[in-house]
Amino acid sequence: MIERWNRDQVLALAPDASSQKAAQGVSSPGKWSNAGVTAEAVWGECKGSGSKPYRACVDLSGPAYRCSCPSRKFPCKHALGLLLLWSADGVPDADAPADWVAEWLDQRRVRAERPAPAPRTAAGAAPDPKRAEQREQRVAAGLEELERWLADQVRQGVAGSRRHDHWDGLVKRLVDAQAPGVAGTVSRLGAVLGGEDWPARLLSEYALLHLLVVAHRREPPAPAVRGRVGFQTSREEVLAGETVRDLWDVLGRRDEEQDRLISRRVWLRGRASGRAALVLSFAPVGQALDASLVTGTTVDAELAFYPGSAPLRALVADRHGAVPATVPPGSALERALEEVAAALAGDPWTDSWPLVLDAVAPMRDGNGSWLLGGPDGGLPLHPSAGAPWRLVAASGGRPLTVAAEWTPQGLRPLSMWDEEGQVMVL
């Protein structure tokens, strides 16, 4: 039986704030009829503007969502409203799913059992050595230009970098040089401007770019270096490699928008392996993102990791079902910092890493800035985290287990567990 999710976990599945608000508007029992829940699914019919109610159901083992409404959001407000009703114990137990729900679940099982198509082996699918060599030459030329540009910036000073379009021309040339990874890094430099001590931060970013250029000249470049430059490993290649099966705690997620593209980062940690994992998904604005990993749950799954000196990004190769969720094991601050240091030693360009901190609480330092820590000190929160009032209220000064995303600018809290083991999404 899937453990019932709480309100925080359900609302964290919403694609945006407006979906959260709309879902709460359709979560009352009076909106629903013919609702039921079994060990694998919850379903119901919601009153809409038309003559026929909308049929919504959720495969809890996925989770996966289906609704007859025309919404392009995923999950839609009806699926979220149904889950909110279920989280409040407002859906009655049923012996078996409704016929239309059972049919959908059967279709999902058939698709899951269907063998994956074999990788293409036709001659036309093989990489063209000549084209590959041409790309290597273009990338090398583009990085050489980047190195000269960086030298110019250091020689001239950073005062001329105050304009947000300062890097636009360089970004276009790097894209033309088929180095999209570096181009993306350069395009994000504008986010440094205006912040506290921005000249030092900008110079740090320049130093990391220079390190990447130098590292790429080594033969052969490390997988992490090639990945940062923009040589991507295909999904098929990753899934064909070794997998790590574990009980993975879903710690939280973060969505970001850039250039009309939404990226979703979902952070996991393995119970037995202790490994950190990042599951990335992308979608244009307005289209559905992967919502199959629910914050605060634990999944028995096999993960395939992208190559690298400190492998982090992963794909879910296979899922073996959900297991009872408990508070994930945490680390003391010193041990957590050692883990981050090891990750940076393997990949100096790492800009985020998931941590589970044990026995910490929010506090202020002498300057009034927020920290997360204990009697022996703490780690600063990221400026975007703001004042962590929910964490303060839940803690009440008592130590908690908190999952957070480490970044060079500070921690971004993801979720926390109270004394009773209940998760709160932050």
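Residues numbered from 1 in each chain as written. Predicted model: local features only at pLDDT ≥ 70, side-chain atom pairs only at ≥ 80, totals over all residues. Heavy atoms only, no water.

Draft legend 1. Quick look at the packing of aromatic side chains. Counted by the stated rule, this structure contains 5 aromatic pairs. Here Trp149 and Tyr206 contribute two aromatic rings whose centre-to-centre distance is 5.7 Å and whose plane-to-plane angle is 85 degrees, an arrangement assigned as edge-to-face. In this pair, Trp149 is assigned in helix α5 (residues 129-156) and Tyr206 in helix α8 (residues 198-216), connecting sequence segments 57 residues apart. The class for Tyr206 is buried, based on a relative accessible area of 3%. When the ring centre of Phe231 is taken as origin, the NZ or CZ atom of Arg135, which lies over that ring, is 4.3 Å away. The ring of Phe305 has Arg275 sitting right over it, with the charged end atom 3.9 Å from the ring centre. (Phe/Tyr/Trp six-rings, centres within 6.5 Å; stacked < 30°, edge-to-face > 60°. Helix = DSSP H or I, 4+ residues; strand = E, 2+ residues; numbered from the N terminus. Buried < 20%, exposed > 50% of the residue type's maximum accessible area, 1.4 Å probe, protein only. Lys NZ or Arg CZ within 6 Å of the ring centre and 35° of its normal.)

Draft legend 2. The arrangement of the environment of Gly30 in detail. Here Gly30 shows up in the loop between α2 (17-25) and β1 (32-37). Sequence spacing of Gly30 and Gly270 is 240 residues, and the spatial spacing of their C-alpha atoms is 41 Å.

Draft legend 3. Seen up close, the nonpolar core. One finds Leu251, Trp353, Leu355, Leu357, Leu372, Val402 and Leu411 to be the most contacted residues of the largest nonpolar core, which totals 29 residues. Of all the secondary structure elements, the ones that give two or more residues to this core are β7 (276-284), α11 (333-346), β10 (353-364), β11 (370-374), β13 (400-407) and β14 (410-417). Contacts of Leu411, omitting those with residues within four sequence positions, involve Leu355, Leu357, Leu372, Leu379, Pro380, Leu381, His382, Ala385, Ala404, Glu405 and Trp406. (Core = buried A, V, L, I, M, F, W, Y, C linked by side-chain atoms within 4.5 Å. Contact = heavy atoms within 4.5 Å.)

Draft legend 4. Layout of the sheet that holds strand β12 (residues 377-380). Taken in spatial order, the 6 strands make up an open sheet running β12-β11-β10-β13-β14-β15, and their pairing is antiparallel. The open sheet has two edge strands with one neighbour each: β12 and β15 (423-425). For this sheet the average axis-to-axis angle between neighbouring strands, irrespective of direction, equals 50 degrees. As paired elements, β10 and β13 share 6 bridges and run antiparallel to each other. Within β13, the residue paired with Val360 across the bridge is Leu400. Its contacts with the sheet place α11 against β10, β11, β12 and β13, and it is angled at close to 140 degrees to β10. (Pairing = 2+ DSSP bridges. Axes fitted to C-alpha atoms, helices over the stretch in contact; angles between N-to-C directions.)

Draft legend 5. Structural detail: the packing of α5 against helix α6 (residues 168-176). The N-to-C vectors of α5 and α6 enclose an angle of 160 degrees; their axes lie 8 Å apart at closest approach. Between α5 and α6, the angle is such that the two are roughly antiparallel. Contacts from Arg138, Gly142, Glu145, Leu146 and Trp149 of α5 reach α6 at Leu170, Arg173, Leu174 and Asp176. (Parallel < 35°, antiparallel > 145°, perpendicular 65-115°, else oblique.)

Draft legend 6. The sheet that holds strand β4 (residues 64-67), seen in detail. Read across the sheet, 4 strands follow the order β1-β2-β3-β4 without closing on themselves; strand pairing throughout is antiparallel. Of all the strands in the sheet, just β1 and β4 have a single pairing partner and so form its edges. Mean inter-strand twist for the sheet, computed between neighbouring axes without regard to direction, equals 10 degrees. Pairing geometry for strand β2 (residues 41-46) and strand β3 (residues 54-59), over 6 bridges, is antiparallel. The residue bridging Gly44 from the neighbouring strand is Ala56, located in β3. On top of the sheet, helix α3 (residues 77-87) reaches β1, β2, β3 and β4; it is set at about 65 degrees to β3, its chief contact. Running at roughly 45 degrees to β3, helix α4 (residues 99-113) makes contact with β2, β3 and β4 of the sheet.

Draft legend 7. Representation of the pattern of salt bridges. What the rule picks out here adds up to 19 salt bridges. With its nearest N and O atoms 3.0 Å apart, the salt bridge here joins Asp8 to Arg390. Pair noted here: Asp8 is in helix α1 (residues 7-11) and Arg390 is in helix α12 (residues 389-395), with a separation of 382 residues, a long-range link. The class of Asp8 is buried, set by a relative accessible area of 18%. One salt bridge in this structure joins Arg264 and Asp255, with 2.9 Å as the shortest N-O distance. With relative accessibility at 2%, the residue Arg264 sits in the buried group. Given the relative accessible area of 32%, Asp255 is considered partly exposed. (Salt bridge = Lys/Arg side-chain N within 4 Å of Asp/Glu carboxyl O.)

Draft legend 8. Examining helix α7 (residues 180-187) more closely. Buried residues of α7: Val182, Ala183, Gly184 and Val186, and no others. Check the buried side of α7 and you find it contacts α5, α6, α8 and α9 (223-229).

Draft legend 9. Fine view of the pairing of β13. The buried fraction of β13 is high, at 8 of 8 residues. Neither face of β13 is open: one carries Leu400, Val402, Ala404 and Trp406, the other Thr401, Ala403, Glu405 and Thr407, and all of them are buried. Sheet analysis places β13 next to β14, joined by 7 bridges and oriented antiparallel. Bridged to Val402 within β14 is Met416. The loop that links β13 with its antiparallel partner β14 comprises 2 residues.

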